Amino acid sequence: MNIHKGNDVFNTRSVLHDLREAVRAVGSDVVFLQEVKGGSGPSGAQYEFLADQIWPQHAYGRNAVAEGQDHGNAVLSRFPVLHSENHDMSIPGAEPRGLLHCVLNMPYGQAHLHVMCVHLGLRASHRRQQLARLCELVDRHVPAHAPLVVAGDFNDWRLHADDLLEPSGLREVFRQAHGHHARSFPASWPMLRLDRIYVRGVARAVPVPMPRRPWAQLSDHAPLAAEIELERTS
C-alpha cells in the first residue's frame, strides 16, 4: 500500500493511528509500504510505529528527503529479514524513486523468500527504464529457483509493465486470477490500475478482496493483498 506519508487523501490530517489498526486487521505476514516516512523527522519512523509488536522484522529504504524529513519504501515481516538493500531507481531531474530488496528466512524448510518493494515514476519513459533496471536486479540478485514477490506502486496506468517484466518470469496476481489488474486509485473511487503484486516461483497466489472502508479514508491509494503459498523443499 502507498500510505501517502500517513495523511488522508486531502493532506489535512494524520491518519497513522487508524492506518495501523487497519493494516493489523488484515493479518498479513509481509507488508509492502510506499511513501512511508523514515526516522529523520521529529515524529520518528512511521514504519516502526506501524510494525510495533506485530511485525518484529522490518526494513526501510530511503528514496527522498524534503524539509528535513525522509520518505521511501518499507517492508514489515513476521519472518526474519536476513538481508536488505535499497536500490536507487531515480531518473535524473525527476522525483527520486527506489526499490527495496529483502531476503526473508522462511519456516518449515522452505526456500528463502525474496521480496522487492517498489515505487516507480510518473512518466512512461521513466518507468520503462526503471522496469528494465528491476529485471536486471532480479537476474543479478535472485536465484532462479528462489520464490519472489515484487509489489508496490507501479504508476502503470498505461499497462505496459507486464510485457516489460515478462522476461524475468514475473506474473501479476490479479491479472492471472481475473484477467485484469486491480483498480487502486483514487481510493475513494478506484479507476486507475496503478498498484501491483507480481510473483515468480511460488506454488499458488490468489488475490484477497479488500473492503472500501476504512481504506478510502486512509490514503489516496487502495491497498492490494494476496494469499501466497510457497513450494515445500524436500
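This one's a predicted model, so the numbers in the text were calculated from it and none came from an experiment.

Draft legend 1. Inspection of the pattern of salt bridges at higher detail. For the structure on display, the rule yields seven salt bridges. The partner of Asp-162 in a salt bridge is Arg-196, with the nearest N and O atoms 4.0 Å apart. Here Asp-162 is found in helix 4 (residues 161-165), whereas its partner Arg-196 is found in strand 9 (residues 195-200), with 34 residues between them in sequence. Across the pair, Arg-196 and Asp-162 agree in class, each one buried. Measuring nitrogen to oxygen at the nearest pair gives 2.9 Å for the salt bridge that ties Glu-227 to Arg-204. In this pair, Glu-227 is assigned in strand 11 (residues 226-229) and Arg-204 in strand 10 (residues 204-207), connecting sequence segments 23 residues apart.

Draft legend 2. Seen up close, the sheet that holds strand 2 (residues 57-66). If you walk across this open sheet you meet the three strands as 1-3-2, and the pairing is antiparallel. Sheet topology places strand 1 (30-37) and strand 2 at the edges, where each strand pairs with a single neighbour. Averaged over all pairs of adjacent strands, the angle between their axes in this sheet comes to 10°, without regard to strand direction.

Draft legend 3. Geometry of the sheet that holds strand 5 (residues 98-104). In spatial order, the strands read 4-5-6-7-9-8; together these six strands make up an open sheet with mixed pairing. Taken across any chain shown, the strands that pair with only one partner, and hence form the sheet edges, are strand 4 (81-88) and strand 8 (171-172). For strand 5 and strand 6 (residues 113-119), the ladder comprises seven bridges, and the chain directions are antiparallel. Bridging from a neighbouring strand, Leu-100 pairs with Cys-117 of strand 6.

Draft legend 4. The arrangement of helix 3 (residues 124-141) in detail. Across its 18 residues, helix 3 extends 25 Å between first and last C-alpha, which sits within 8% of the 26 Å expected from 1.5 Å per residue. Residues of helix 3 that are buried: Ala-124, His-126, Arg-127, Gln-130, Leu-131, Leu-134, Cys-135, Leu-137 and Val-138.

Draft legend 5. Structural context of a nonpolar patch on the surface. Residues Leu-122, Trp-157, Trp-189, Met-191 and Leu-192 make up a contiguous nonpolar surface patch of about 540 Å² in total accessible area. Mapped onto the elements of the fold, Trp-157 is located in the loop between strand 7 (148-153) and helix 4. On the accessibility criterion, Trp-157 (37% relative accessible area) is partly exposed.

Draft legend 6. Main features of helix 1 (residues 16-26). Here helix 1 has its buried residues at Leu-16, Leu-19, Arg-20, Ala-22 and Val-23. Just downstream of helix 1, Gly-27 is the residue with a positive phi angle, here 75°.

Draft legend 7. Summary view of the nonpolar core. Phe-32, Val-75, Cys-102, Leu-104 and Val-115 are the most contacted members of the largest nonpolar core, which has 23 residues in total. Excluding residues within four positions of it along the chain, Phe-32 makes contact with Met-1, Ala-74, Val-75, Val-115, Met-116, Cys-117, Val-149 and Ala-151.

Draft legend 8. Representation of the packing of aromatic side chains. In the structure shown here, the tally under the stated rule is two aromatic pairs. Here the aromatic rings of Tyr-47 and Tyr-60 are separated by 4.9 Å at their centres, their planes lie at 10°, and the arrangement is stacked. Residue Tyr-47 is located in helix 2 (residues 46-51), and its partner Tyr-60 is located in strand 2; the two are separated by 13 residues in the primary sequence. According to the relative accessible area criterion, Tyr-47 is buried, its value standing at 12%. Lying across the ring of Trp-157, Arg-127 places its NZ or CZ 4.6 Å from the centre.

Draft legend 9. Highlighting the side chain of Asp-70. Of note, Asp-70 is situated in strand 3 (residues 69-77). Of the side chains bearing the opposite charge, Arg-62 lies closest to the buried Asp-70, which forms no salt bridge; the N-O distance is 5.1 Å. At 2.5 Å, the side chain of Asp-70 and the side chain of Tyr-60 are in polar contact.

Draft legend 10. Geometry of the environment of Asn-2. The topology assignment puts Asn-2 in the segment before helix 1. Asn-2 gets classed as buried once you look at its relative accessible area, which sits at 1%. Leave out the neighbours within four places in its chain, and Asn-2 touches Gln-34, Glu-35, His-119, Asp-153, Ser-219, Asp-220 and His-221. For Asn-2, the side chain forms a polar contact with the side chain of Glu-35, separated by 3.3 Å.

Draft legend 11. Seen up close, the pairing of strand 9. A large share of strand 9 lies buried, amounting to six of its six residues. Here strand 9 shows a buried face lined by Asp-195, Ile-197 and Val-199 and a second buried face lined by Arg-196, Tyr-198 and Arg-200. Pairing analysis gives two bridges linking strand 8 to strand 9, with the strands arranged antiparallel. Within strand 9, the residue paired with Arg-171 across the bridge is Val-199.

The rules behind these values
- Note on numbering: residues in each chain are counted from 1, in written sequence order.
- At least 70 in pLDDT is required for a residue's local features to be given in this predicted model, at least 80 for side-chain atom pairs to be given and counted, and no such filter applies to totals for whole chains, interfaces and linings, which use all residues.
- Calculated side-chain values reflect all of the structure's heavy atoms, with hydrogen atoms and water omitted.
- Any Lys or Arg side-chain nitrogen located within 4 Å of an Asp or Glu carboxyl oxygen qualifies as a salt bridge.
- Labels follow the DSSP assignment, with helices taken as runs of H or I lasting at least four residues and strands as runs of E lasting at least two, numbered in each case from the N terminus.
- Only protein chains enter the accessibility calculation, which uses a 1.4 Å probe; a residue is then buried when its area is under 20% of its type maximum, exposed when over 50%, and partly exposed in between.
- At least two bridges found by DSSP between two strands are what make those strands a pair.
- To get an axis, fit a line to the C-alpha atoms, keeping to the stretch in contact for a helix; angles then go from 0 to 180 degrees between the N-to-C directions.
- The span expected for a helix works out to 1.5 Å for each residue beyond the first.
- The patches described consist of residues with a relative accessible area above 30% and no salt bridge, like charges being joined within 9 Å and nonpolar side chains (Val, Leu, Ile, Met, Phe, Trp, Tyr) within 5 Å.
- For accessible areas, the Shrake-Rupley method is used with a probe of radius 1.4 Å. Any residue's cover is judged against the shown protein chains and nothing else.
- Buried Ala, Val, Leu, Ile, Met, Phe, Trp, Tyr and Cys residues that are joined via side-chain atoms within 4.5 Å together make up what is termed a nonpolar core.
- Any two residues whose heavy atoms approach within 4.5 Å at even a single point are treated as in contact.
- Here is the rule: rings of Phe, Tyr and Trp (six-membered ring for Trp) pair when centre to centre is within 6.5 Å. Planes less than 30 degrees apart are stacked, more than 60 are edge-to-face, and the remainder are tilted.
- Should the NZ of a Lys or the CZ of an Arg lie within 6 Å of a ring centre and within 35 degrees of the ring normal, that charge is described as sitting over the ring.
- Residues scored as positive are Lys and Arg, those scored as negative are Asp and Glu, and His as well as the terminal groups of each chain are ignored.
- Throughout this description, a polar contact denotes any pair of N or O atoms lying within 3.5 Å of each other; where both atoms belong to protein, one of them has to be capable of donating a hydrogen while the other can accept it, and for residues adjacent in sequence the pair is counted only when both atoms sit in side chains.

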